[in-house]
Amino acid sequence: MSAVLGIDGGGTRTRASIVDGERVLAFAENGSIKRLRVGAEAAETNLRAVMKDVFAQAGVRGVKAASAGVASSSMPGVKEWITTVFDDFGVDRSEIVGDEVIALDGAFKGGPGILQIAGTGSNCIGRAPDGGRESAGGWSSRLGDEGSGYWIGLHAVRRGLKALDREEPTRILEVVGGIWGTKSIDELVNLGDSTPGPDFAALAPAISELAEAGDVVALGVLKQAALDLVDSVLLVRAKLRRKHHVTEEVPVAWIGSVIGKSRLVREQFFAGLHAGAPEMQIRETEVAGIEGAVWRAQQLAKAAGLVGTPSPTK
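The notes below deal with the structure included here. Values in this document were obtained by computation on a predicted structure and should not be read as measured data. (Residues numbered from 1 in each chain as written. Predicted model: local features only at pLDDT ≥ 70, side-chain atom pairs only at ≥ 80, totals over all residues. Heavy atoms only, no water.)

### Digging into unusual backbone geometry
In this chain, threonine 195 is followed by proline 196 through a cis amide linkage whose omega measures -5 degrees. When you line up the elements, proline 196 lands in the loop between helix H7 (185–192) and helix H8 (204–212). Residues other than glycine seldom take positive phi values, yet serine 140 does so here, at roughly 85 degrees. Position of serine 140 among the secondary structure elements: in the loop between strand E8 (133–137) and helix H5 (149–166). Of note in the backbone geometry, histidine 245 takes a positive phi value of approximately 55 degrees without being a glycine. Counting through the fold element by element, histidine 245 comes out in the loop between helix H9 (216–244) and strand E9 (252–255). Under the relative-accessibility criterion, histidine 245 is labelled exposed at 65%. (Helix = DSSP H or I, 4+ residues; strand = E, 2+ residues; numbered from the N terminus. Buried < 20%, exposed > 50% of the residue type's maximum accessible area, 1.4 Å probe, protein only.)

### Looking at the pattern of salt bridges
All told, the structure shown has 15 salt bridges when counted by the stated rule. A salt bridge links aspartate 8 to arginine 15; the nearest nitrogen and oxygen atoms lie 3.8 Å apart. When salt bridges that share partners are traced, they join Asp8, Arg13, Arg15 and Glu29 into one network. (Salt bridge = Lys/Arg side-chain N within 4 Å of Asp/Glu carboxyl O.)

### Focus on the pairing of strand E7 (residues 122–127)
In terms of burial, E7 is largely enclosed, as 6 of its 6 residues are buried. Here E7 shows no split at all, with Ser122, Cys124 and Gly126 on one side and Asn123, Ile125 and Arg127 on the other all buried. As paired strands, strand E6 (residues 113–118) and E7 are joined by 6 bridges and run antiparallel to one another. By the bridge assignment, isoleucine 117 is partnered in E7 with asparagine 123. By the bridge criterion, 5 bridges tie E7 to E8 in an arrangement that is antiparallel. Bridge pairing links cysteine 124 to alanine 136 in E8. Taken together, E7 and the strand that follows it, E8, pair antiparallel across an intervening segment of 5 residues, in which glycine 131 is found at a positive phi of about 90 degrees. (Pairing = 2+ DSSP bridges.)

### Structural notes on the packing of helix H2 (residues 40–58) against helix H3 (residues 78–88)
Closest axis-to-axis distance for the H2/H3 pair is 11 Å, and the angle between their directions is 30 degrees. If you check the angle between H2 and H3, you find them roughly parallel. The handedness of the crossing between H2 and H3 comes out as right-handed. Only Trp81, Ile82, Val85, Phe86 and Asp88 of H3 make contact with H2, whose side of the interface consists of Ala43, Glu44, Leu47, Arg48 and Met51. Class assignment of the residues belonging to the contact of H2 with H3 gives a composition of 7 nonpolar, no polar and 3 charged. (Axes fitted to C-alpha atoms, helices over the stretch in contact; angles between N-to-C directions. Parallel < 35°, antiparallel > 145°, perpendicular 65-115°, else oblique. Left-handed = near helix turned anticlockwise from the far one by under 90°. Contact = heavy atoms within 4.5 Å. Nonpolar A, V, L, I, M, F, W, Y, C, P; charged D, E, K, R; others polar.)

### Observations regarding the packing of helix H4 (residues 99–108) against helix H12 (residues 289–303)
The axes of two packed helices give the description: the angle between them and the distance between them. Close contact between H4 and H12 brings their axes to 7 Å; oriented N to C, the two are set at 90 degrees. What the angle tells us is that H4 and H12 run roughly perpendicular. Facing Val101, Ile102, Ala103, Asp105 and Gly106 of H4, the residues of H12 in contact are Gly289, Glu291, Gly292, Ala293, Trp295 and Arg296.

### So, the sheet that holds E7
The strand order across the open sheet built from 4 strands is E8-E7-E6-E9, with neighbouring strands paired in mixed fashion. For this open sheet the edge positions go to E8 and E9, each flanked by a neighbour on one side alone. Between one strand and the next, the sheet's axes are offset by a mean angle of 15 degrees, whatever the strand orientation. Along the sheet, H4 contacts E6, E7, E8 and E9; its crossing angle with E6, the most-contacted strand, is approximately 130 degrees.

### Focus: the sheet that holds strand E1 (residues 3–9)
Strand pairing in a sheet relies on backbone hydrogen bonds. The paired strands run either parallel or antiparallel. On the basis of which strands lie adjacent, the open sheet formed by 5 strands has the order E3-E2-E1-E4-E5 and mixed pairing. Of all strands in the sheet, those with a lone pairing partner are strand E3 (23–31) and strand E5 (91–98), marking the two edges. Across this sheet, the average inter-strand angle for adjacent strands is 15 degrees, counted without regard to direction. Bridge analysis of E1 against strand E4 (residues 63–70) gives 6 bridges, and the strand direction is parallel. Bridged to isoleucine 7 within E4 is alanine 68. Along the sheet face, H2 touches E1, strand E2 (13–20), E3 and E4 and points at about 155 degrees away from the line of E3. Along the sheet face, H4 touches E1, E4 and E5 and points at about 100 degrees away from the line of E5.

### Side note on the environment of leucine 104
Tracing the backbone shows leucine 104 in helix H4. For leucine 104, a relative accessible area of 0% corresponds to the buried category. For the pair formed by leucine 104 and glutamine 116, sequence separation is 12 residues and the distance between their alpha carbons is 8.9 Å. Not counting residues within four places of it along the chain, the set of residues in contact with leucine 104 comprises Lys109, Gly113, Leu115, Ile125, Arg127 and Arg133.

Below is the structure:
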């Protein structure tokens, strides 16, 4: 067997798949392995659980290579602890990269293109035909992540409070208070300003529903989110052209629940890109980051000459 492991560790959940050639041997899901979101102990527990599950399904005791795309992979200690877990599960060769990297390869398999991520967090990454990469955003929930689920939830509350001051109509604070279980504006503000704070990204679906129902303040939040996502793509496009001498349009792909599940954001995202770059090809369906992780693991195994040798099975 020449089995490899791909892991997509996003901010909300973790997906794992073991593949042998063209055959998918197993697929499993578990909670997030993003330490900044769930803490170090829960992150490791979730990783070990999803790996135990996927290895048991596949009936293997080891894999030739593994690629893990993880949100906040550059944080100190993240690569080390994931590598340690991989070693415990019999992974011969491994890499830990950002979740945007596996998503980019899920879309373009090493080729040129621009990927906009818009889930719990946001990030935009582009690759030129010469292999050079450029990016925009991805500076964490507190310092950036414009257009993300977290940004939508946070800024909906901020704009809701501003609307309260101005005596403008909106149901945002009422709905958020119901989700958070707060009984007054003071309780809502205290919870929203607490450390650690509430899950602002979890508010995004409710804000989208309010916008669909015609809430003007919620509509404004989603419109700004879409504008920010469009701006990130066009910025990366400009960098590729200026710094890598790209003259032809490269395709654009996307991943994440903000674009995938919010009709208003998705339509304005597509419209904004068509207006800013009319000849740009935009992928209509969402990218599967796990496919990029598996593809990268296969390339890693091939480069190391590990493909084609037996792997012990139960």
